[in-house]
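Coordinate analysis (summary)
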Amino acid sequence: MQAESAAHGHGNAQPLGAAACGPLKGRLRPPGDKSISHRALILGLLAIGRTTIEGLLEGDDVLRTGAACAALGAKVERLGPGRWQVDGCGVGSLLAPRETLDFGNAGTGTRLIMGVVGGHDITATFDGDASLRKRPMRRILDPLALMGAQVTSEAEGGRCPVTLKGTGEPAPIEYRSPVPSAQLKSAVLLAGLNSPGRTTVIETEASRDHTEKMLAYFGARIVSEPHGEHGRRITLEGRPELRARDVVVPADPSSGAFALVAALLVPGSDIVIEGMMMNPLRIGLITTLLEMGASIETLNPRIEGGEDVADLRVRHSALRGVEVPAARAPAMIDEYPVLAVAAAFASGETRMRGLSELRVKESDRLAAVAAGLDAAGVPNRIEGDDLIVTGAARVRGGGVAATHLDHRIAMSFLVLGLASDQPMQVDDASMIATSFPTFRPEMERLGARFVEAAAR
Ligand code: S3P
């Protein structure tokens, strides 16, 4: 079988294996948060003046957003490792990009910039790799159409390549989000920035709030209130004068998750993950792992760059299966693949409820996780939108997980291989560079063992 990246002309697939290793020890600082990195560049574009960014994630996804911001008129410059500056244009003063905006694998960049373009009198074409071309964009394009933007061309089912003609007078709308998606919420708010009135987004399940926080930090008038049991109602006043700011990007909990789970699974491990962002809307995985009996100690909690941050001491632990409620999904949406790996080593059953959104990520993650667990010999089943994994202290491993251009599937099954009886392979590790370019050397520094695998 040829991996999808090679089949779709996005470079050669890089198979990789992981094998059982001695205890993981030492300290690791995960790379900058991907969500915040995208937003820092985009708000830099929309602000007047020079925004500086420290700790930007220099993964492919974020670099594509930087290139898109430059194509829309910003001057985007790298000053040193993780240090960037953006000279912005201001809301209402963007340029029409001359070429197609190629977002590669990046759904967040695509959808947030669709919001920006939708609220400006410019036209842009959005495209990306084979994974991005499968992802639904209608959920973004529908509210943008209500605001006055027009889709002038799209692939079947509202997919990329999409050409969007924005409006310089976006209508103020009140939008009830049909899915708990921070990308959707952010697209509507970013389009609403250039509206002469108020834009409101109502979500019944709160999703990550980085856009709201950063808009407030850049000077927008934005109010977020509770709505129902788990939701939020967010109201933004249009046409603020956004002022350039200095942004410090905390470490990405979604990347730290791989080292965290690896340390829980590999006997004798004892590591510290530094500077992990602990935003309550991002730490559902930690809540779940604690319920499973994980030894995770929060050290030195503090505020950095406006976010809760802490160092986490993580030690090898015997885990037990739990039920993960659907309401927790938005706070750990990207962590289910690695949670499923933890569940493979936990005693008893872990039932993860309400995972329909996993089907529309970089891959159909529900199917990809189930297939990877099958390859590793881990009993699992999908019932409706639930994933049920039956764990055991020992996992056979020894198979190949198909990654479907999905970085988190690749990292999750490599983590499995660090603790399984036989080495585990992934068919393509190249996409890991989209979110965690230093994954392999950082994990090796802690003691992880990766083995080259032959192309299949
Ligand atoms: C993100 C939101 C989530 C998440 C993605 C990043 C963001 O997607 O899966 O990796 O930065 O807003 P959805 O908004 O589609 O849930």
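Residues numbered from 1 in each chain as written. Predicted model: local features only at pLDDT ≥ 70, side-chain atom pairs only at ≥ 80, totals over all residues. Heavy atoms only, no water.

Moving on, we get to the overall build of the chain. Per the secondary structure count, the chain includes 13 helices and 24 strands. Its C-alpha atoms give the chain a radius of gyration of 21 Å, near enough to 23 Å, the size a compact globule of 456 residues would have. Across its three principal axes, the chain shows a C-alpha extent of roughly 60 × 45 × 45 Å. A total of 456 residues make up the chain; the buried ones form 60% of that total. Long-range contacts, defined here as pairs at least 24 residues apart, represent 76% of the contacts in the chain between residues at least 6 apart. On the chain, roughly 16,200 Å² of surface is accessible, and the fraction owed to carbon and sulfur atoms is 48%. Computed over 49 positive and 54 negative side-chain charges, the separation of the two mean positions in the chain equals 1 Å. (Helix = DSSP H or I, 4+ residues; strand = E, 2+ residues; numbered from the N terminus. Rg over C-alpha atoms; globule rule 2.2 N^0.38 Å. Buried < 20%, exposed > 50% of the residue type's maximum accessible area, 1.4 Å probe, protein only. Contact = heavy atoms within 4.5 Å. Areas by Shrake-Rupley, 256 points an atom, 1.4 Å probe, with all protein chains shown as cover. Lys, Arg positive; Asp, Glu negative; His and termini not counted. Charge placed at Lys NZ, Arg CZ, Asp CG, Glu CD.)

Moving on, we get to the nonpolar core. Leu-260, Leu-289, Tyr-336 and Met-352 are the most contacted members of the largest nonpolar core, which has 78 residues in total. In terms of residue count, helix H8 (residues 253–265) provides more of this core than any other element does, 9 residues in total. Sequence-distant contacts of Leu-289, that is, excluding residues within four places in its chain, are made with Leu-260, Val-261, Leu-264, Ala-294, Ile-296, Leu-339 and Ala-342. One finds Trp-84, Val-91, Leu-94 and Leu-193 within the second-largest nonpolar core, a separate group that totals 63 residues. (Core = buried A, V, L, I, M, F, W, Y, C linked by side-chain atoms within 4.5 Å.)

Spanning 13 residues, H8 covers 18 Å between terminal C-alpha atoms, matching the ideal 18 Å at 1.5 Å per step. Within H8, 13 of the 13 residues are buried, which leaves it mostly tucked inside the rest of the structure. N-capping of H8 is provided by Asp-252, with a side-chain oxygen placed 2.8 Å from the backbone N of Ser-254. (Expected span 1.5 Å × (residues − 1). Polar contact = N/O pair within 3.5 Å; in protein donor to acceptor, adjacent residues only side chain to side chain.)

It is worth spelling out the domain arrangement of the chain at this point. Domain annotation for the chain reports domain 1 (4–32 + 251–452) and domain 2 (34–248). A separation of 28 Å is found between the C-alpha centroids of domain 1 and domain 2. In this assembly, 29 residues from domain 1 lie in contact with 29 residues from domain 2. Buried surface at the junction of domain 1 and domain 2, both sides included, amounts to about 2,400 Å², of which 52% is carbon and sulfur. Sorting the residues of domain 1 by area buried against domain 2 places Leu-281, Pro-330 and Thr-434 first, and these three jointly supply 22% of that buried surface. Between domain 1 and domain 2 we count 4 salt bridges in total. (Domains from an automatic or database assignment. Buried area = accessible area lost by both parts, 1.4 Å probe. Salt bridge = Lys/Arg side-chain N within 4 Å of Asp/Glu carboxyl O.)

Turning next to unusual backbone geometry. The residue after Cys-160, namely Pro-161, is reached through a cis peptide bond having omega 5°. With respect to the helices and strands, Pro-161 occurs in strand S9 (residues 159–165). In this model, His-404 sits at a positive phi of 50°, which is unusual for a non-glycine residue. Within the element layout of this structure, His-404 appears in the loop between strand S22 (400–401) and helix H12 (407–417). The exposure class of His-404 is partly exposed, given its relative accessible area of 35%. Of note, the phi angle at Leu-405 is positive, near 60°, even though the residue is not glycine. Relative to the assigned elements, Leu-405 resides in the loop between S22 and H12. When its relative accessible area of 2% is taken as the criterion, Leu-405 is described as buried.

Looking only at helix H13 (residues 439–446), the buried set comprises Phe-439, Glu-442, Met-443 and Leu-446. The arc enclosing the buried residues of H13, seen along the axis, measures out at 95°, which places them on a common side. Contact partners of the buried residues in H13: strand S2 (25–28), H8, strand S15 (270–277), H12 and strand S24 (449–452). Where H13 ends, the next residue or the one after it, Gly-447, has phi of about 120°, a positive value. (Arc of directions from axis to C-beta.)

Take the site of the ligand next. Every residue lining the ligand is accounted for by Ser-35, Arg-39, Thr-108, Arg-111, Pro-180, Ser-181, Ala-182, Gln-183, Arg-208, Ile-333, Asp-334 and Lys-361. Contact distances for the ligand include 2.7 Å between an oxygen atom and a side-chain N or O atom of Ser-35. Here Arg-39 contributes a side-chain N or O atom positioned 2.7 Å from an oxygen atom of the ligand. Across the complex, the protein chains shield 95% of the 380 Å² of accessible surface that the ligand would expose by itself. Counting residues per element, the ones that place at least two in the shell around the ligand are helix H2 (34–46), helix H4 (107–118) and helix H6 (182–192). Tallied by class, the residues present in the shell around the ligand amount to 3 nonpolar, 4 polar and 5 charged. Each of domain 1 (4–32 + 251–452) and domain 2 (34–248) contributes no fewer than three residues to the shell around the ligand. (Near = heavy atom within 4 Å. Nonpolar A, V, L, I, M, F, W, Y, C, P; charged D, E, K, R; others polar.)

Attention now moves to the pattern of salt bridges. Applying the stated rule across the entire model yields 42 salt bridges. As a salt-bridge pair, Arg-83 and Glu-54 come within 3.6 Å of each other at their nearest N and O atoms. With a gap of 29 residues between them, Arg-83 in strand S5 (residues 83–89) and Glu-54 in strand S3 (residues 48–54) connect regions that are remote in the sequence. Overall, the relative accessible area of 36% leaves Arg-83 in the partly exposed class. Two residues, Glu-349 and Arg-381, come together in a salt bridge whose shortest N-O distance is 3.5 Å. One end of the pair, Glu-349, is in strand S19 (residues 348–352); the other, Arg-381, is in strand S20 (residues 380–383), and 32 residues separate them in sequence. Classification of Glu-349 as partly exposed rests on a relative accessible area of 40%. Since its relative accessible area comes to 34%, Arg-381 is described here as partly exposed.

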